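# Fold and contact review
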Amino acid sequence: MDIRIGHGFDVHALAEGLPLYIGGIKIEHTKGCVAHSDGDVALHAICDALLGALALGDIGKLFPDTTAEFKGIDSKILLRKVCDVVKQEGYKISNIDCTIAMQRPKLRPHIDNMRQTIADVIGIGVERVSVKATTTEKLGFEGREEGVSVDAVALLMKE
């Protein structure tokens, strides 16, 4: 059996007045992610985990932030395209696990919606998608509410 594991990590700065998208959903907040796309840091980390499992580089290699084609794009579209690559390579996604580090807003009320949205985009059961959130106890750039970071891992299996 051919099994692959990949790790993804992404960071975005936060700025006043921008929309906040995390885990495929819009969350009401006074700040949002500074980015070329919609800035969904969780979906970007998941994309990197999937691509990493296949040793295909990172999200910036597939979707460069230097092109107008991806300006403001919904990251769910990027994740779907990465899932198509996974399938083309002959693999299926077994499970996803990600941890979001952000001081505010509290993400617990949004976790179930994130999990379901990610599962729907990927095409796997929600029981195979884990999303966790943590604060950094007011330490670091996340704790100062300057940015958000996400770690993600993905397990792929040869079909």
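Before any of the text, the structure's been laid out above.
To keep things clear, this report deals only with the structure shown in the data block. (Residues numbered from 1 in each chain as written. Predicted model: local features only at pLDDT ≥ 70, side-chain atom pairs only at ≥ 80, totals over all residues. Heavy atoms only, no water.)

## What to know about helix H1 (residues 41–53)
Taking 1.5 Å per residue, 13 residues should reach 18 Å; H1 reaches 18 Å between its end C-alpha atoms and fits that length. Among the 13 residues in H1, 12 count as buried, and that is most of the element. Of all the residues in H1, the buried ones are Val41, Ala42, Leu43, His44, Ala45, Ile46, Cys47, Asp48, Ala49, Leu50, Leu51 and Ala53. Count one or two residues on from H1 and you reach alanine 55, which has phi positive near 55 degrees. (Helix = DSSP H or I, 4+ residues; strand = E, 2+ residues; numbered from the N terminus. Expected span 1.5 Å × (residues − 1). Buried < 20%, exposed > 50% of the residue type's maximum accessible area, 1.4 Å probe, protein only.)

## Points about the state of the cysteines
One pass over the structure, following the stated rule, counts 0 disulfides. Sulfur of cysteine 33: no disulfide; nearest cysteine sulfur belongs to cysteine 98 and is 13 Å away. Overall, cysteine 33 belongs to the buried group, its relative accessible area being 6%. Cysteine 83 takes part in no disulfide bond, and the closest cysteine sulfur, belonging to cysteine 47, lies 7.3 Å away. When its relative accessible area of 7% is taken as the criterion, cysteine 83 is described as buried. (Disulfide = S-S within 2.5 Å.)

## Brief notes about the pairing of strand E1 (residues 3–16)
Where E1 and strand E7 (residues 147–158) come together, 11 bridges link them in antiparallel fashion. Note that in E7 the partner of aspartate 10 across the bridge is valine 150. In the sheet, E1 pairs with strand E4 (residues 31–33) via 3 bridges, with the strands oriented antiparallel. In the strand pairing of E4, alanine 15 is matched with glycine 32. (Pairing = 2+ DSSP bridges.)

## Thoughts on the environment of isoleucine 111
For isoleucine 111, the location among the structural elements is in helix H4 (residues 111–122). As for isoleucine 111 and lysine 76, which are separated by 35 residues in sequence, their C-alpha atoms are 16 Å apart. In this view, isoleucine 111 contacts Val131, Lys132 and Ala133; residues no more than four positions away in its chain are not counted. (Contact = heavy atoms within 4.5 Å.)

## Re the nonpolar core
If you look at the biggest cluster of nonpolar residues, it comprises 47 residues, and the most contacted ones within it are Ile46, Leu50, Leu79, Ile93, Ile100 and Ile122. Counting only elements with at least two residues in this core, the list comes to strand E2 (20–22), strand E3 (25–27), H1, helix H3 (75–88), strand E5 (91–101), H4, strand E6 (129–134) and E7. Counting residues per element, this core draws most heavily on H1, which supplies 10 residues. Other than its neighbours up to four places away in sequence, leucine 79 contacts Leu43, Ile46, Cys47, Leu50, Val121 and Ile122. (Core = buried A, V, L, I, M, F, W, Y, C linked by side-chain atoms within 4.5 Å.)

## Brief notes about the sheet that holds E6
The strands that make up a sheet are held in pairs by hydrogen bonds between backbone atoms, and each pair lies either parallel or antiparallel. Pairing is mixed in the open sheet, where 5 strands are placed in the order E4-E1-E7-E5-E6. Strands with a single pairing partner mark the edges of an open sheet, and in this sheet they are E4 and E6. Here the average twist between neighbouring strands, direction ignored, is 25 degrees. Along the sheet, H3 makes contact with E5 and E7, crossing E5 at roughly 145 degrees. In the packing of H4 onto the sheet, the strands contacted are E5 and E6, and the crossing angle to E6 comes to about 145 degrees. (Axes fitted to C-alpha atoms, helices over the stretch in contact; angles between N-to-C directions.)

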